[in-house]
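Structural features, examined
The chain contents come next:
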Amino acid sequence: MEDPIAEYTARLLQQENEIKALSAEIESLKNPATLVAPNHIEELREENTKLKYRLNILKRSLQEERMECTKTMMNINLRLQEIFGEAIHAACPELESPPLAVTPSQQAKFGDYQCNSAMAMSQMLKAKGLKVSPREIAEKIVRNIPENELIQSTDIAGPGFINVHLRKAIVSKLLTNLLVNGVQPPPLESRKKVVVDFSSPNIAKEMHVGHLRSTIIGDSMCRLFEFLGYEVVRLNHVGDWGTQFGMLIAHLQDKFPNYLSISPPIGDLQAFYKESKKRFDEEEDFKKRAYQCVVKLQSKEPDFIKAWNLICDVSRKEFQKVYDCLDVSLVERGESYYQDLMTQVVKEFEEKGLVEVDEGRKVVFAPGQSIPLTVVKSDGGYTYDTSDLAALRHRLFQEKADIIIYVTDSGQGIHFQVVFAAARMIGWYDPKVTRVEHAGFGVVLGEDKKKFKTRSGDTVRLMDLLEEGLKRSMDKLKDKERDKVLTPDELVKAQKAVAFGCIKYADLSHNRINDYVFSFDKMLDDRGNTAAYLLYAFTRIRSIARLANIDEAALRKAAESTEVLLDHEKEWKLGKAILRFPEILQKILDDLLLHTLCDYLYELATTFTEFYDSCYCVEKDRQTGEVVKVNMWRMLLCEATAAIMAKGFDILGINPVQRM
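For clarity, every value in this text was computed on a predicted model and none was experimentally measured.

1. Some details on the sheet that holds strand 4 (residues 161–166)
What the four strands build is an open sheet, ordered 1-2-4-3; its pairing is antiparallel. Edge positions in the open sheet fall to strand 1 (102–104) and strand 3 (151–157), since each of these has one partner strand only. The sheet shows a mean angle of 25° between the axes of neighbouring strands, direction not considered. When strand 1 meets strand 2 (residues 113–115), the two strands line up antiparallel, connected through three bridges. By the bridge assignment for strand 2, threonine 103 is matched with glutamine 114.

Below you can see the structure in the form of structure tokens.
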């Protein structure tokens, strides 16, 4: 059998050649020089109209065949923007960069999408001294909409809103494409390299809720970029260098003198750190020895490097417990990695005359920034500013990253703003070419709306928090008597899915810029926009086919042969909601705000509930309970909803279960 893609490609080429020939013929007919005999004008005009009609049919046929050839999901909003962009340019060619506003309609009576560009265009024309009403502009735009595969009809509402009604046949085809090929991302123009710097705990200190936010948000951003086809480097910029290691090593030498031959049993590194800090503050001799240890560590003396590695390894094991619970993978590249690069960075700034001396410090003032970067301290040591500049330079020139994202708390926003400004000043990157961005986040608050702490006022240990989540999750499942219907293995899987899923979702469902209140009661509630609700909704959708005795093979076969009907208003509403997935991902790619995906998944789940309550998927005999009829196109809508939800969960780092 001939390869269908090769066959389609050949047909597409043939049609494209025919379009070119017809276009050339139309252009020649427009040229008055070719119209020699006046008595042929009417005949030629008639032929011209026929040619245009054939050209439009070919264009639409070409668009539809392209759609059938591709396995990826179409971004409907983006395609409508292309169509309206063309129409707007044709309607008002005198406007430079006219606004292009296409959004999904909020109410069914206003169609499926709306183009609201006419009002802003009217203001732009007014500024040029041309008085044209928004409605007139809207009418002109509609007249210039090119032949396309998506739009069934348009109407103009109010002062100039263009309501767009999609073709049901195309929406049905797009759903079939999704069911046959799975959830495939839209094609990438080019495969860019993305570096995401996130989590970044400090060695010898416990991970706390601030690290939890960075870890969850950063991991989800990585998952999004990975799904869309980018090359992603997940970097853990751990705090593994600096003066604190002098006091830690000095304390290690005193407490465990044989540390070089026997690995010291440091059970609680946090307590070990506090002990060494107390001695550093109170004992002058210890303080001096700690500074000597820093010098020897920076000189890379073997015994001191071994002591440093021992302390780092104890921390790594603790961090890994958290990463295993949250199913997060990272490449560690701490501050120590950039030590040798810092000297080069300072030299480069000095050679370009960008360094000033201020009270013994070497500082760099970046344009438009009120505070300088301190690149060398008065004692000759380097700072966070120096290491962050060195890290940025490495990511730009060695990693050759196209996109660099830093996921840290908003308190570091000004610091990164100055670092990025200094990097642009020295010419390391052009923001029009390389995207370098700080994705800041707010503080985690307790239910008293104050900074999240333990009752004794200490920082909450992350492992304690995760273990508390597991306990509460199991209590919730037992309250619902799930332990009586699930096997022990299924119960543990459900416990982990709910506990870690709820903690992640509670964070991601809030706008990351804002502070958020950490509440186990709210996040484990199975009503409203929570992971608990969505996980239950997902398992219910997955159970519909199982209860109707329809396996995956039968659904796959049905997807290839059954048309997805969208005649009922709730079928139509659900079908459109499913296909909005690519435009949601595009929005997050632009603004890095992941709560948009959470809001979408909640809206999809509630839209599905409306559909399921109004449209029978499986019809049963009321007496016997036996299945008498399966409406397969509706089963396919269930399957498409579940597929999108599963991919959404995957991007959020949530692991759903089949039974819960």
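2. Comments concerning the pattern of salt bridges
Summed over all chains, the structure comprises 46 salt bridges. With its nearest N and O atoms 2.9 Å apart, the salt bridge here joins arginine 234 to aspartate 219. Of this pair, arginine 234 sits in strand 6 (residues 231–236) while aspartate 219 sits in helix 7 (residues 209–227); the two residues are 15 residues apart in sequence, bridging distant segments of the chain. We note that arginine 234, like aspartate 219, is buried. Taking the shortest distance from any N to any O, the salt bridge between glutamate 552 and arginine 556 comes out at 3.9 Å. Remark: arginine 556 and glutamate 552 occur in helix 19 (residues 552–561); sequence separation between them is four residues, near one turn of the helix. Judged by relative accessible area, which is 61%, glutamate 552 ranks as exposed. Sharing partners across several salt bridges, the network here consists of Asp219, Arg223, Glu226, Arg234, Asp327, Lys647 and Asp650.

3. A look at the nonpolar core
Across soluble globular proteins, nonpolar side chains show a tendency to be buried alongside one another. Formed by 166 residues in total, the largest nonpolar core has its most connected members in Leu80, Phe518, Phe581 and Leu597. In this view, leucine 80 contacts Val102, Tyr113, Leu150, Ile151, Val164 and Leu166; residues no more than four positions away in its chain are not counted. Counting 32 residues, the second-largest nonpolar core is a separate cluster that includes Val195, Val364, Ala401 and Trp428.

4. Quick word on the environment of serine 410
Its location among the elements puts serine 410 in the loop between strand 11 (403–406) and helix 14 (413–425). For serine 410, a relative accessible area of 37% translates into the label partly exposed. Each C-alpha atom of the pair serine 410 and glutamate 447 lies 21 Å from the other, and the pair is 37 residues apart in sequence. Sequence-distant contacts of serine 410, defined by excluding residues within four places in its chain, comprise His438, Gly440, Phe441, Gly442 and Ile513.

5. Digging into helix 12 (residues 339–351)
For helix 12, every residue scored as buried is listed here: Gln339, Met342, Val345, Val346, Glu348 and Phe349. Along the long axis of helix 12, the arc covered by the buried residues comes to 160°, so they all point the same way. Counted as exposed and oriented over 90 degrees from the buried face of helix 12: Asp340, Lys347 and Glu351. Tucked into the core, helix 12 has its buried residues touching strand 9 (361–364), strand 10 (373–376), helix 13 (384–397) and helix 14. Of the residues trailing helix 12, glycine 353 is marked for its positive phi of about 70°.

6. Let's talk about the sheet that holds strand 8 (residues 356–358)
Sheets are built from strands paired through backbone hydrogen bonds, the pairs being either parallel or antiparallel. Across the sheet, three strands lie side by side as 8-9-10; this open sheet has antiparallel pairing. The outermost strands of the open sheet, each flanked by one partner alone, are strand 8 and strand 10. Geometrically, the sheet is characterised by an average inter-axis angle of 50° between neighbouring strands, direction not taken into account. Alignment of strand 8 against strand 9, held across three bridges, turns out to be antiparallel. Looking at the pairing, aspartate 358 lines up with arginine 361 of strand 9.

7. A look at the environment of phenylalanine 198
For phenylalanine 198, the position within the fold is in the loop between strand 5 (193–197) and helix 7. Under the relative-accessibility criterion, phenylalanine 198 is labelled buried at 0%. Sequence-wise, phenylalanine 198 and isoleucine 405 are 207 residues apart; in three dimensions their C-alpha atoms are separated by 8.4 Å.

8. Things to note about the UniProt feature "domain: DALR anticodon binding" (unreviewed entry) in the protein chain
The residues that UniProt annotates with the feature "domain: DALR anticodon binding" (unreviewed entry) are residues 534–660. Here residues 534–660 runs as 69% helix and 6% strand, with 12 Å between its end C-alpha atoms.

9. Notes on the side chain of threonine 530
Within the secondary structure layout, threonine 530 lies in the loop between helix 17 (520–523) and helix 18 (531–547). Among residues more than four places away in sequence, those in contact with threonine 530 are Tyr505, Lys522, Met523 and Asp525.

10. Notes on the pairing of strand 12 (residues 435–438)
Side chains Val436 and His438 of strand 12 all project onto a buried face; the interleaved residues Arg435 and Glu437 project onto a face where none is buried. Sheet topology places strand 11 next to strand 12; four bridges connect them, and they run parallel. Residue pairing for strand 12: isoleucine 404 is matched across the bridge by valine 436. One crossover worth recording links strand 11 to the parallel strand 12 by way of helix 14, and it is right-handed.

Conventions adopted
Residues numbered from 1 in each chain as written. Predicted model: local features only at pLDDT ≥ 70, side-chain atom pairs only at ≥ 80, totals over all residues. Heavy atoms only, no water. Pairing = 2+ DSSP bridges. Helix = DSSP H or I, 4+ residues; strand = E, 2+ residues; numbered from the N terminus. Axes fitted to C-alpha atoms, helices over the stretch in contact; angles between N-to-C directions. Salt bridge = Lys/Arg side-chain N within 4 Å of Asp/Glu carboxyl O. Buried < 20%, exposed > 50% of the residue type's maximum accessible area, 1.4 Å probe, protein only. Core = buried A, V, L, I, M, F, W, Y, C linked by side-chain atoms within 4.5 Å. Contact = heavy atoms within 4.5 Å. Arc of directions from axis to C-beta. UniProt positions renumbered as here; feature names shortened; annotations may be inferred. Right-handed = clockwise from strand over helix to strand, strands pointing away.

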